[in-house]
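If you want the building blocks of each chain, they are given just below.
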Amino acid sequence: MSAADLAVDVRGLDKSYGDKHVVQDLTIQVGAGKITGFLGPNGSGKTTTLRMLCGLLTPDDGEGTVLGLDFRRRAEAVKRQTGYMTQKFSLYEDLSIRENLDFTARIYGLDRRRKRVDEALDRLGLANRQKQLAGSLSGGWKQRLALAACVLHEPRLLLLDEPTAGVDPQARREFWDEIHALSAEGLTVMVSTHYMDEAERCHDIAYIAYGKLMARGTLGEVIGQSGLTTFRAEGPGADRLGRELARAPGVAMAAPFGAALHVSGQDRAALEAAIAPYRKPPLTWTEVSPTLEDVFIQLMASSKDNFQ
Ligand SMILES: Nc1ncnc2c1ncn2[C@@H]1O[C@H](COP(=O)(O)OP(=O)(O)OP(=O)(O)O)[C@@H](O)[C@H]1O
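As recorded in an unreviewed UniProt entry, the protein chain goes by the name ABC-2 type transport system ATP-binding protein, listed as coming from Caulobacter rhizosphaerae.

Rendered as structure tokens:
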């Protein structure tokens, strides 16, 4: 990828809070117009990383460009071209949808205010409800309003911090359709999430644990890089074997998936030896492609061993 195709091209990003080293020597590139999902355990530094990249937080160290600008020296310029949707709903609950958008447009000092607000209302299907108070909206509609507010100033970079936590599946799907539509128009999106289905909707994934970038690439690449072999057991009691198998050498992870069990490990021979005693009727075993969740659980377990 050439430099012009990169919205983010940053090396050696670092941040500590007191003696807590929350982002450690992180190097990352993000393609322009791509949707990149940031995943990882709670408190692993995703929000801190995203906020440093878009100029909202000053890093202790690191160099490179965001939107073609030196992200440290030109942090203000990067920030002006970024839309940031925080984890917590931060609009006014006692203002209507339209009033919230109009207020946001005033804060940004935007021109063509009425036109921008009308367009945002139409685009996110909020026009019919524009007079409704934000506080009376369901979680899904609140998130749409928040999204409308953070793209009013036509940013080139959109930063979404767990945008659909607690939102129902239908509203989440509609929200993601909108994210894809924005990305198709050229907007670069970085989104943190704990939902595997959302990770699978991203063009690229970045997995961060304990301040370090542990995996990077498309869904297929991240699964491929894991080097995991996964077997799926089905049959009576399969799901209840997990605890026993999890302790066996060669098993990195054994987790129920409905009535079935997924057992994964990086050493195929050791894994096969571990499941051998159970590889008989009434259980049936098949080798399957590891899911993203299998990979992340394994990454989380191995990073815990490395850093704690
Ligand atoms: N302003 C701050 N002062 C001190 N510690 C902080 C501050 N902001 C974040 N931290 C700590 O830095 C670590 C990383 O936090 P961060 O919010 O980046 O994690 P995260 O991966 O986004 O987590 P989550 O998935 O829970 O949102 C956490 O241990 C957090 O407590």
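Back to the text.
Enquirer: Looking at this structure, I do not really get the site of the ligand. What am I missing?
Expert: In the vicinity of the ligand, the residues found are Y17, V22, G40, N42, G43, S44, G45, K46, T47, T48 and S192. Broken down by element, the shell around the ligand gets its largest block of residues, three residues, from helix α1 (residues 46-53).

Enquirer: Got a minute to help me understand the sheet that holds strand β9 (residues 204-209) in this structure?
Expert: Paired through their backbone hydrogen bonds, the strands of a sheet run either parallel or antiparallel. The strand order β6-β7-β8-β3-β9-β10 describes an open sheet built from six strands, whose pairing is mixed. Among the strands making up the open sheet, the edge pair consists of β6 (82-85) and β10 (212-217). Strand-to-strand twist of the sheet, defined as the mean angle between neighbouring strand axes without regard to direction, takes the value 15 degrees. Note: β6 against strand β7 (residues 157-161), four bridges, orientation parallel. Note on β7: the bridge partner recorded for Y84 is L159.

Enquirer: Explain the packing of helix α3 (residues 97-107) against helix α5 (residues 139-151) to me, please; I cannot follow it from the model alone.
Expert: Between two packed helices, the angle of one axis relative to the other and the distance separating the axes together describe the packing. Contact geometry of α3 with α5 gives a least axis separation of 9 Å together with a crossing angle of 25 degrees. Between α3 and α5, the interaxial angle falls into the category roughly parallel. When the axes of α3 and α5 are compared, the crossing they make is right-handed. Judged by residue contacts, I97, N100, L101 and T104 of α3 engage L145, A148 and A149 from α5. For the contact of α3 with α5, the class distribution of residues is five nonpolar, two polar and no charged.

Enquirer: Any chance you could explain the sheet that holds strand β5 (residues 69-70) here in plain terms?
Expert: The strand order across the open sheet built from four strands is β2-β1-β4-β5, with neighbouring strands paired in antiparallel fashion. The two strands at the open ends of the sheet, each matched to only one other strand, are β2 (20-31) and β5. Pairing of strand β1 (residues 6-17) with β2, which is carried by eight bridges, proceeds in the antiparallel orientation. Each bridged residue has a counterpart across the sheet, and for V8 the counterpart in β2 is V30. Against the sheet, α1 makes contact with β1, β2 and β4 (61-66), and its axis sits at roughly 125 degrees relative to β1, the strand it touches most.

Enquirer: Looking at this structure, how should I read the nonpolar core?
Expert: One broad rule of soluble globular proteins: the nonpolar side chains tend to lie buried together. Membership of the largest hydrophobic core comes to 65 residues, with the highest contact counts inside it found for V66, A148, V189 and Y207. With six residues, the top contributor of residues to this core is α5. Here V66 is in contact with A7, V8, V10, L53, C54, F71 and V78, once residues within four sequence places are set aside.

Enquirer: Explain unusual backbone geometry here, please?
Expert: Negative phi characterises most residues that are not glycine, and trans characterises most peptide bonds. P282 follows P281 through a cis peptide bond whose omega is 10 degrees. Here P282 shows up in the loop between α10 (268-275) and β14 (284-288). A positive phi is found at L67, a non-glycine position, where the angle reads about 55 degrees. As for its placement among the helices and strands, L67 is situated in the loop between β4 and β5. Judged by the 22 C-beta atoms lying within 10 Å of it, L67 is buried.

Enquirer: Please explain the UniProt feature "domain: ABC transporter" (unreviewed entry) in the protein chain as it appears in this structure.
Expert: With numbering matched to this structure, UniProt assigns "domain: ABC transporter" (unreviewed entry) to residues 8-235. Secondary structure within residues 8-235 divides into 34% helix and 29% strand; the distance between the first and last C-alpha atoms comes to 48 Å.

Thresholds, definitions, all that
Residues numbered from 1 in each chain as written. Predicted model: local features only at pLDDT ≥ 70, side-chain atom pairs only at ≥ 80, totals over all residues. Near = placed C-beta within 6 Å. Helix = DSSP H or I, 4+ residues; strand = E, 2+ residues; numbered from the N terminus. Pairing = 2+ DSSP bridges. Axes fitted to C-alpha atoms, helices over the stretch in contact; angles between N-to-C directions. Parallel < 35°, antiparallel > 145°, perpendicular 65-115°, else oblique. Left-handed = near helix turned anticlockwise from the far one by under 90°. Contact = placed C-beta atoms within 7 Å. Nonpolar A, V, L, I, M, F, W, Y, C, P; charged D, E, K, R; others polar. Core = buried A, V, L, I, M, F, W, Y, C linked by C-beta atoms within 7 Å. Buried ≥ 20, exposed ≤ 12 C-beta atoms within 10 Å, placed from the backbone. UniProt positions renumbered as here; feature names shortened; annotations may be inferred.

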